[in-house]
Amino acid sequence: MVVVVCSLIGIITAFVGSLMGLGGGIVLIPCLLFLSQITDGFGWATPQAIVGISLVSMVFTALSSSFTYWKNNRIDYKTGLILLSGSIPGGIIGSWLNQFIATEQFLLYFGFVMIGISLVLLIKRKESTRVFNKDTKGVRSFSLHGTTYYYKVSVTIGFFLSLGVGMLSGLFGIGGGSIMVPAMILLFGIPAHIATATSMFMIFFISLIGAGTHIVLGHIVWKYVFFFIPGAWIGGKLGAIVNQRLTSKALEWILRILLIIIGIRMIFQGLS
């Protein structure tokens with residue numbers, strides 16, 4: 001029974017994570033925390049063990065979805081590498097800090113993080129009045145379905161932003177995409193579909209480093225990790241495929257609703 005439940009959670013969380021460039025931790029973590037409280041079969045699921053499993057699963061989710069996005073030329077590798085510059089050290093720091101957080105604190109902080117992100121996504125964006133072209137210094141260009149997009153990514157802002165996102169990823173096991181995707185859209189004007197695909201490319205490396213740190217710290221319950229990996233691979237591919245059939249507005253509304261629901265639930269759990 002535990003194997004079946006873990007496999008289903010793996011597929012669902014990977015699908016949702018890949019669909020919106022989040023990695024899947026925002027679904028997997030509350031699911032396992034809830035199960036650990038209602039059944040002895042998941043008594044092994046401590047916050048540290050759950051984050052470790054989340055990060056290991058996200059390695060396979062991100063690899064699977066990135067491969068699908070790569071085939072459809074949706075990943076902005078240069079921007080992804082710029083934002084990775086701070087994410088990797090941030091992931092190591094966050095993974096190390098995770099061991100000092102108690103269950104109640106974990107739930108409460110995680111809930112506030114989710115609510116905060118959902119509020120950021122509700123900010124009404126105006127069309128940018130800036131005009132970029134390929135000759136403007138520091139401007140990135142990216143072509144998708146015959147349309148070329150221009151946007152400017154600040155290396156300095158990108159580094160400190162990704163440093164904070166990396167820390168949250170290692171600390172909460174959320175993959176960082178739930179912050180990085182809206183940040184790329186709001187701060188840099190990157191189209192949603194490009195931001196989503198690029199986020200999954202980044203999450204692969206962030207999760208790899210974060211998972212490695214948790215392995216060294218002994219947080220991985222290997223007996224159960226392997227139950228999630230097949231689902232993470234399948235869900236990652238399915239999410240990337242469906243993503244290409246949805247509009248940017250549809251993706252954003254799904255993300256807003258999901259983060260609000262999860263955030264409120266976890267805050268109540270943390271306070272109870």
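Let us look at the structure shown here.

This part is about empty space enclosed by the protein. Overall, the coordinates contain 2 cavities of 30 Å³ or more when judged by the stated rule. Roughly 70 Å³ of volume is contained in the largest cavity. Elements that contribute at least two residues to the lining of the largest cavity include exactly α7 (177–188), α8 (192–216) and α10 (248–271). Take the lining of the largest cavity: its biggest share by element is 4 residues, from α10. In terms of residue class, the lining of the largest cavity is built from 7 nonpolar, 2 polar and 1 charged.

This next bit is on the packing of helix α1 (residues 2–20) against helix α9 (residues 222–243). Put simply, α1 and α9 touch, their axes get as near as 6 Å, and they point 30° apart. Judged by the twist between their axes, the crossing of α1 over α9 is right-handed. Counted together, V2, V3, C6, S7, I9, G10, I11, A14, F15, S18 and L19 of α1 and Y224, F227, F228, G231, A232, G235, G236, L238, G239, A240, V242 and N243 of α9 form the full contact between these two elements. Looking at the contact of α1 with α9 residue by residue, the class counts come to 15 nonpolar, 8 polar and no charged.

What follows deals with the nonpolar core. L32, M114, I190 and F228 are the most contacted members of the largest nonpolar core, which has 68 residues in total. Looking at this core, the element that brings in the most residues is α8, giving 11 residues. Excluding anything up to four places from it in sequence, F228 contacts C6, I9, G10, L28, L32, W44, I53 and S57.

A word on the environment of S162. Mapped onto the fold, S162 is located in helix α6 (residues 155–172). C-alpha separation for the pair S162 and I82, spaced 80 residues apart in sequence, amounts to 8.8 Å. The contact partners of S162, leaving out residues within four places of it in the chain, are L83, S85, G86, S87 and M180. Within the structure, the side chain of S162 is placed 2.9 Å from the backbone oxygen of F159, a separation counted as a polar contact.

We now examine the packing of aromatic side chains. A full pass over the atoms with the stated rule returns 8 aromatic pairs. Look at Y77 and F201: their rings are 5.1 Å apart centre to centre, the planes differ by 90°, and that puts the pair in the edge-to-face class. Taken as a pair, Y77 in helix α4 (residues 77–98) and F201 in helix α8 lie far apart in primary sequence, 124 residues in all. Classification of F201 as buried rests on a relative accessible area of 13%. Look at F159 and F160: their rings are 5.2 Å apart centre to centre, the planes differ by 80°, and that puts the pair in the edge-to-face class. Given a relative accessible area of 30%, F159 falls into the partly exposed group. An aromatic cluster is built from Y77, F201, F204 and F205, whose rings are joined through pairwise contacts.

Calculation criteria
Numbers given for residues are sequential positions, taken from 1 along each chain in its written order. Residue-level local features of this predicted model are given only where pLDDT is at least 70; pairs of side-chain atoms are given and counted only at 80 or more, and the full residue set underlies all totals for whole chains, interfaces and linings. With hydrogens and water stripped out, all remaining heavy atoms of the structure feed into the side-chain values. In this analysis, the protein atoms alone were mapped onto a 1 Å grid. Cavities are point sets where a 1.4 Å probe fits without being able to get out; pockets are open sets with protein on both sides within 12 Å along at least five of seven lines; lining residues have an atom within 4 Å of a point. Grid points are joined across faces, edges and corners, and a volume is the space filled by probe spheres set on the points. Numbering of helices and strands runs from the N terminus; a helix is a DSSP stretch of H or I covering at least four residues, while a strand is a stretch of E covering at least two. For this classification, Asp, Glu, Lys and Arg are treated as charged, while Ala, Val, Leu, Ile, Met, Phe, Trp, Tyr, Cys and Pro are nonpolar and the rest, including Gly, are polar. As a rule, the C-alpha atoms of each element are fitted with a line to give its axis, helices using only the stretch in contact, and angles between N-to-C directions run from 0 to 180 degrees. Left-handed describes a crossing in which the near helix is turned anticlockwise from the far one by less than a right angle; the clockwise case is right-handed. Two residues form a contact once any of their heavy atoms are found within 4.5 Å. In plain words, nonpolar cores are sets of buried Ala, Val, Leu, Ile, Met, Phe, Trp, Tyr and Cys residues tied together by side-chain atoms within 4.5 Å. When a residue's accessible area, from a 1.4 Å probe over protein chains only, is under 20% of the maximum for its type it is buried; when over 50% it is exposed; and in between it is partly exposed. Each polar contact in these results corresponds to two N or O atoms within 3.5 Å; when the atoms are within protein, one needs to be able to donate a hydrogen and the other to accept it, and residues that are neighboring in sequence are counted only if both atoms are side-chain atoms. Note on ring pairs: Phe, Tyr and Trp rings are taken, using the six-membered ring of Trp, and paired if centres are within 6.5 Å. Classes follow the plane angle, with under 30 degrees stacked, over 60 edge-to-face and the rest tilted.

On their own, these measurements won't tell you what the molecule is for.
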